[in-house]
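# Descriptive analysis of the structure
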Amino acid sequence: MDQASTLATSPVALSRHPPLLLYIASRSLSEFSYQVATVAVGWQIYALTGSAFYLGLAGLVQFIPSALLVFVAGHTADRYDRRRIMQLCELTQGVAAFYLALRLLAGTLTAPDIFVVLGLFGLAGAFESPASSALLPAVAPEGMLQRATALSTGSWQVAAIGGPAIGGLAYAVSPSAPFVLMAVLSLVASGLTGLIRVERVAPTKHEGLDGLFAGLHFVRSNPAILGTISLDLFAVLLGGATALLPIYAKDILQAGPWALGVMRAAPAIGALVMTAVIARRPITRRAGLRMFQAVIAFGLATIVFALSRNVWLSIVALAAMGAADTISVVVRVALVQLATPDAMRGRVGAVNFLFINASNQLGEFESGMAAALLGAMPAAALGGIGTIAIALLWMKLFPVLREVDQLE
């Protein structure tokens with residue numbers, strides 16, 4: 001490969017591609033805004049209810065819109081301008097956050113208020129995620145999707161690191177401050193999204209129910225994609241210990257909001273480190289096996305976190321969980337995007353988003369329920385054990401996924 005070709009496929013080339021930079025900036029601010037409010041939401045729910053069940057219920061409330069609208073959202077992303085869909089969703093999140101801020105300032109905020117807004121977040125996310133994931137290949141330089149995915153994931157993780165920390169500090173100043181900040185950042189993200197310039201994707205020709213469910217049919221007919229998406233679903237469903245962080249920070253580790261903010265950020269710190277590694281040294285061989293190994297490592301780190309009574313050991317375990325999860329995310333995103341025609345990326349992305357939400361948000365619900373019945377530490381430990389078991393079982397059920405070698 002000559003010097004010009006090497007430079008064209010180097011990480012430097014990504015920093016000179018305006019559509020990708022605008023995309024990353026918009027997604028980072030959107031995620032940053034959400035993470036700023038996450039600490040405040042969790043603390044408010046636990047303060048108002050004192051219940052692990054309601055902490056888990058927060059995940060279920062956000063998941064329901066995704067489950068109900070997944071196919072409509074995917075079809076919409078393939079029919080209409082994906083940038084406009086993202087803008088509208090970011091605007092919706094900003095307005096909802098501003099509502100929470102007003103209720104807090106008035107001293108009338110209730111748990112039902114929070115759950116209604118979380119439902120709006122879930123609704124916006126249901127439409128935003130398929131559109132944004134389908135847009136990524138269009139803004140990435142040709143032949144560099146894995147590096148672009150790693151860079152996008154890394155910038156997202158930077159937001160996830162800074163968001164909870166700043167959210168905790170803002171909450172210490174005023175309980176309404178995180179929500180005001182979320183509203184402002186969401187509006188800025190919406191403006192940046194509108195500046196992205198890419199070639200308009202031709203609307204899909206599929207109509208009616210066949211077109212609506214085409215993404216699901218495509219996933220079912222591709223064992224490698226079905227295996228990687230379902231692995232994430234069941235592994236993270238069982239390993240959703242992060243929903244219990246308010247309990248760990250307050251009761252088990254006997255710390256305060258600062259510890260909750262740092263622990264919220266810890267997985268993102270580990271993920272950021274791993275992202276930097278992948279951006280410089282992409283996974284070039286045995287990608288499927290690497291993903292299984294990462295899921296097993298995620299389960300082991302979850303067990304360490306579950307049994308820890310030291311705040312710093314807990315933070316290290318959470319960082320390890322984030323690093324392991326990043327490997328799985330990069331492999332999954334690259335595999336799904338490269339194997340999917342552009343005209344179907346919205347609908348396939350919607351199916352993928354449904355599985356991701358099921359793993360993350362239903363995982364929070366499962367963890368909350370298990371903690372209410374068994375206690376927080378046994379629930380988190382059993383979740384880590386279940387994650388390892390799922391990875392081993394999926395290696396047997398989806399041998400084609402285990403044998404995936406190169407991603408590009």
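Residues numbered from 1 in each chain as written. Predicted model: local features only at pLDDT ≥ 70, side-chain atom pairs only at ≥ 80, totals over all residues. Heavy atoms only, no water.

### So, the environment of Ser66
Threshold: Each helix corresponds to a stretch of at least 4 residues labelled H or I by DSSP, and each strand to a stretch of at least 2 residues labelled E; elements are numbered beginning at the N terminus. Working definition: with a 1.4 Å probe on protein chains only, accessible area under 20% of the residue-type maximum means buried, over 50% means exposed, and in between means partly exposed.
Summarising the element assignment, Ser66 is placed in helix α4 (residues 52–79). Of the residues examined, Ser66 reaches a relative accessible area of 1% and is grouped as buried. Here the alpha-carbon distance between Ser66 and Phe127, two residues 61 residues apart in the chain, equals 8.2 Å.

### Side note on the pattern of salt bridges
Heads up, the condition is: For this analysis, a salt bridge means a side-chain nitrogen from Lys or Arg found within 4 Å of a carboxyl oxygen belonging to Asp or Glu.
Counted according to the given criterion, the structure contains five salt bridges. The partner of Asp78 in a salt bridge is Arg82, with the nearest N and O atoms 2.9 Å apart. Each member of the pair, Asp78 as well as Arg82, is classed as buried. The partner of Arg103 in a salt bridge is Asp113, with the nearest N and O atoms 2.8 Å apart. One end of the pair, Arg103, is in helix α5 (residues 82–106); the other, Asp113, is in helix α6 (residues 111–139), and 10 residues separate them in sequence.

### Thoughts on the nonpolar core
Defined as follows: Grouping buried Ala, Val, Leu, Ile, Met, Phe, Trp, Tyr and Cys residues that are joined through side-chain atoms within 4.5 Å yields what is termed a nonpolar core. The contact criterion used throughout is that any non-hydrogen atoms of two residues lie within 4.5 Å.
Counting 57 residues, the largest nonpolar core has Ile45, Phe115, Leu118, Phe179, Tyr248, Met263 and Phe305 as its most contacted members. Broken down by element, the residue count for this core peaks at seven residues, all from helix α3 (residues 18–49). Setting aside residues up to four positions removed in sequence, Ile45 forms contacts with Gly50, Tyr54, Leu55, Ala58, Ile114, Phe115 and Leu118. In this structure, Phe292, Val331, Ile390 and Leu401 belong to the second largest nonpolar core, which totals 24 residues.

### Looking at empty space enclosed by the protein
To find the voids left in a structure, one rolls a probe of water-molecule size over its atoms. Selection criterion: Points on a 1 Å grid over protein atoms alone make up a cavity when a 1.4 Å probe fits among them but cannot get out, and a pocket when they form an open set with protein on both sides within 12 Å along at least five of seven lines; lining residues each have an atom within 4 Å of a point. Grid points are joined across faces, edges and corners, and a volume is the space filled by probe spheres set on the points. Residues are grouped as follows: nonpolar covers Ala, Val, Leu, Ile, Met, Phe, Trp, Tyr, Cys and Pro; charged covers Asp, Glu, Lys and Arg; every other residue, Gly included, is treated as polar.
Evaluation of the coordinates by the stated rule reveals two cavities of 30 Å³ or more. Residue lining of the second largest cavity: Leu231, Asp232, Ala235, Val236, Ala294, Val295, Phe298, Ala324, Asp325, Ser328 and Thr387, and that is the complete set. At four residues, the largest contribution of residues to the lining of the second largest cavity is made by helix α11 (residues 223–238). Classifying every residue of the lining of the second largest cavity by side-chain character gives seven nonpolar, two polar and two charged.

### Considerations on the environment of His75
Counting through the fold element by element, His75 comes out in helix α4. Judged by its relative accessible area of 13%, His75 is buried.

### A word on the packing of aromatic side chains
What counts here: Pairing of aromatic rings covers Phe, Tyr and Trp, the last through its six-membered ring, and needs centres within 6.5 Å; plane angles under 30 degrees mean stacked, over 60 mean edge-to-face, and all others mean tilted.
Following the criterion strictly, the structure yields four aromatic pairs and no others. Taken together, a centroid distance of 6.2 Å and an interplanar angle of 35° make the contact between Tyr54 and Phe115 tilted. Separated by 61 residues along the polypeptide, Tyr54 in helix α4 and Phe115 in helix α6 bring together distant segments of the chain. Relative accessible area serves as the criterion here: at 34%, Tyr54 is assigned to the partly exposed category. Take Phe115: its relative accessible area is 13%, and that puts it in the buried class. Arranged with centres 5.9 Å apart and planes meeting at 40°, the rings of Trp394 and Phe398 form a pair that is tilted.

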